[in-house]
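A structural walkthrough
Residues per chain are reported as follows:
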Amino acid sequence: MSQRSITYCTVPLQEAWFAASDKFIKTYPKAPTPILTCTYRSPEEQDALYNQPWDGKDNDGDGQIDEPDEKVTKAKAGQSYHNFYPSRAFDVAFKKGKTLDWSIDNFQKFYDIIHVINPNIVWGGNWKFKDYPHFQL
């Protein structure tokens, strides 16, 4: 199972996470709270995600099996920054009560904050293959 603890990340990512999440909460007090959804991911988990669109399951819950929009990563095992230990990446989501908010606006605001804290952090939302929850060194 993928790890969600920031302690599985490099020290620079840990420092950036704590500073950015604190600043996000203070800057946007009515917005959902940033949470970690993935830090370290094993090679087996990475390959399972890579193979997801062709796993014979309805991964996005729309009644269709093995469709292109179920692809969540282009990285095979060993190609993702999540696969290093300590991890060089983390994924975030935003939580309000028991509900997760995947609004791109929140990811953009979080990136704007974390990039000032550590300009070496790259956001997956700036890639051609968009990965909005993903941040890496």
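Residues numbered from 1 in each chain as written. Predicted model: local features only at pLDDT ≥ 70, side-chain atom pairs only at ≥ 80, totals over all residues. Heavy atoms only, no water.

Tracing the sequence through the fold places Asn118 in the loop between helix H3 (104-117) and strand S4 (122-123). Asn118 sits in the buried class, given a relative accessible area of 13%. A polar side-chain atom of Asn118 sits 2.9 Å from the main-chain amide nitrogen of Asn120. Residues in contact with Asn118, not counting those within four places in the same chain, are Pro12, Ala16 and Leu137. (Helix = DSSP H or I, 4+ residues; strand = E, 2+ residues; numbered from the N terminus. Buried < 20%, exposed > 50% of the residue type's maximum accessible area, 1.4 Å probe, protein only. Polar contact = N/O pair within 3.5 Å; in protein donor to acceptor, adjacent residues only side chain to side chain. Contact = heavy atoms within 4.5 Å.)

Another point: the layout of surface pockets. Here the largest pocket is characterised by a volume of approximately 670 Å³. Lining the largest pocket are 31 residues; nearest its centre among them are Arg41, Val72, Thr73, Asp91 and Asp131. When residues of the lining of the largest pocket are traced back to their parent elements, those giving at least two are strand S1 (33-38), helix H2 (43-50) and strand S5 (134-136). Of the residues belonging to the lining of the largest pocket, the class tally is ten nonpolar, eleven polar and ten charged. (1 Å grid on protein atoms, 1.4 Å probe; cavity = no way out; pocket = protein on both sides within 12 Å on 5 of 7 lines; lining within 4 Å. Points joined across faces, edges and corners; volume = space filled by probe spheres on them. Nonpolar A, V, L, I, M, F, W, Y, C, P; charged D, E, K, R; others polar.)

Glancing now at the state of the cysteines. The tally for this structure, following the rule as stated, stands at zero disulfides. The structure places no disulfide on Cys9, whose sulfur is separated from the nearest cysteine sulfur, that of Cys38, by 8.4 Å. Overall, Cys9 belongs to the buried group, its relative accessible area being 2%. (Disulfide = S-S within 2.5 Å.)

On to the environment of Lys71, then. Structurally, Lys71 can be placed in the loop between H2 and strand S2 (89-96). According to the relative accessible area criterion, Lys71 is partly exposed, its value standing at 22%. A C-alpha to C-alpha distance of 9.2 Å links Lys71 and Asn59, two positions twelve residues apart in sequence. For Lys71, the residues in contact, after removing those within four places along its chain, are Tyr50, Pro53, Trp54 and Phe129.

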